[in-house]
Amino acid sequence: MKRVYLGEFEEIVLLVVGMLDGEAYGVQIAHEILQQTQRSVRLNQVHASLQRLEEKSMVTSVMGDPTPERGGRRKRLFQVTAYGRQTLHDIQAVRTTLWSLLPDSLKTLPSV
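Residues numbered from 1 in each chain as written. Predicted model: local features only at pLDDT ≥ 70, side-chain atom pairs only at ≥ 80, totals over all residues. Heavy atoms only, no water.

Peer 1: Whenever I open this one, the overall build of the protein confuses me. Can you help?
Peer 2: The helix and strand tally for the protein stands at five helices and two strands. Along the protein, helices and strands appear, N-terminal first, in the series α-α-α-β-β-α-α. Against the 2.2 N^0.38 benchmark of 13 Å for 112 residues, the protein shows a C-alpha radius of gyration of 17 Å, more extended than a compact globule. C-alpha atoms of the protein, sized along the principal axes, occupy 55 × 40 × 20 Å. Within the structure as shown, the protein displays about 7,800 Å² of accessible surface, and the carbon and sulfur contribution to it stands at 54%. (Helix = DSSP H or I, 4+ residues; strand = E, 2+ residues; numbered from the N terminus. Rg over C-alpha atoms; globule rule 2.2 N^0.38 Å. Areas by Shrake-Rupley, 256 points an atom, 1.4 Å probe, with all protein chains shown as cover.)

Peer 1: Would you explain a nonpolar patch on the surface in this entry?
Peer 2: A contiguous nonpolar surface patch, about 310 Å² in accessible area, is contributed by Val 94, Leu 98 and Leu 101. Structurally, Leu 101 can be placed in helix H4 (residues 82–101). Among the residues examined, Leu 101 registers a relative accessible area of 63% and is labelled exposed. (Patch = residues over 30% accessible without salt bridge, like charges linked within 9 Å, V, L, I, M, F, W, Y side chains within 5 Å. Salt bridge = Lys/Arg side-chain N within 4 Å of Asp/Glu carboxyl O. Buried < 20%, exposed > 50% of the residue type's maximum accessible area, 1.4 Å probe, protein only.)

Peer 1: Where do I start with the nonpolar core in this structure?
Peer 2: Generally speaking, a soluble globular protein has its nonpolar side chains buried in company with each other. Val 13, Leu 14, Val 17, Ile 29, Ile 33 and Val 46 are the most contacted members of the largest nonpolar core, which has 23 residues in total. If you list the elements that add at least two residues to this core, you get helix H1 (8–20), helix H2 (26–37), helix H3 (43–55), strand S2 (76–80) and H4. Take this core: its biggest share by element is seven residues, from H1. The residues touching Leu 14, leaving out its near neighbours within four places in the chain, are Leu 6, Leu 53, Met 58, Val 59, Val 80, Gly 84 and Leu 88. (Core = buried A, V, L, I, M, F, W, Y, C linked by side-chain atoms within 4.5 Å. Contact = heavy atoms within 4.5 Å.)

Peer 1: Please explain the pattern of salt bridges as it appears in this structure.
Peer 2: Oppositely charged side chains can pair when the atoms bearing their charge come close. Per the counting criterion, the structure on display carries four salt bridges. A salt bridge links Lys 56 to Glu 10, with the shortest nitrogen-to-oxygen separation between them at 3.0 Å. Remark: Glu 10 occurs in helix H1 and Lys 56 occurs in the loop between H3 and strand S1 (59–63); sequence separation between them is 46 residues. Salt bridges linked by common partners bring Glu 10, Arg 52 and Lys 56 together as one network.

Peer 1: Help me understand unusual backbone geometry, please; the structure alone is not making it clear to me.
Peer 2: Non-glycine residue Gln 38 carries a positive phi angle of around 55 degrees. One can find Gln 38 in the loop between H2 and H3. According to the relative accessible area criterion, Gln 38 is exposed, its value standing at 62%. The backbone of Ser 57 sits at a positive phi, close to 65 degrees, despite the residue not being glycine. Mapping Ser 57 onto the fold places it in the loop between H3 and S1. For Ser 57, a relative accessible area of 38% gives the class partly exposed.

Peer 1: Quick question: what am I supposed to make of the side chain of Thr 87 here?
Peer 2: Relative to the helices and strands, Thr 87 resides in helix H4. By relative accessible area, which is 3% here, Thr 87 ends up buried. Among the polar contacts listed, one links the side chain of Thr 87 to the backbone oxygen of Tyr 83, at a separation of 2.9 Å. (Polar contact = N/O pair within 3.5 Å; in protein donor to acceptor, adjacent residues only side chain to side chain.)

The analysis is restricted to geometry; functional conclusions fall outside its scope.
This is the structure in C-alpha cells:
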C-alpha cells in the first residue's frame, strides 16, 4: 500500500483515538486534545479529521448504544486500524531518527 502522509492535527487525532482504545468519540477526542496539548479545537475540526482518517483506512467507526446521560443519542465510536497503528509507528520512527540527527545545541533548551 502506498504511504499516506498525515498532517499534524490528523496525527494528534489518531494518537488520541488510540489512547482512548475503542471508546473515542468526537466530543471526548476534542476534550482530550485540549487536556493533553492545551490546544483548543472545534468539534467540526475533529469530525473532519476523523472522516479523512476513515477514508484513509486508519480508523474505523461503529455506532454505540444509546446512553441515558446524552438523552438517548448514540455516539459514533472510533478505533485505530492495523494500518493506522503501522502509520503511527512509521511516524514515530521518522521523528526519532530526525531527533537523533539534531546537533546537541538544538536538543536542549537554552537557559534563561
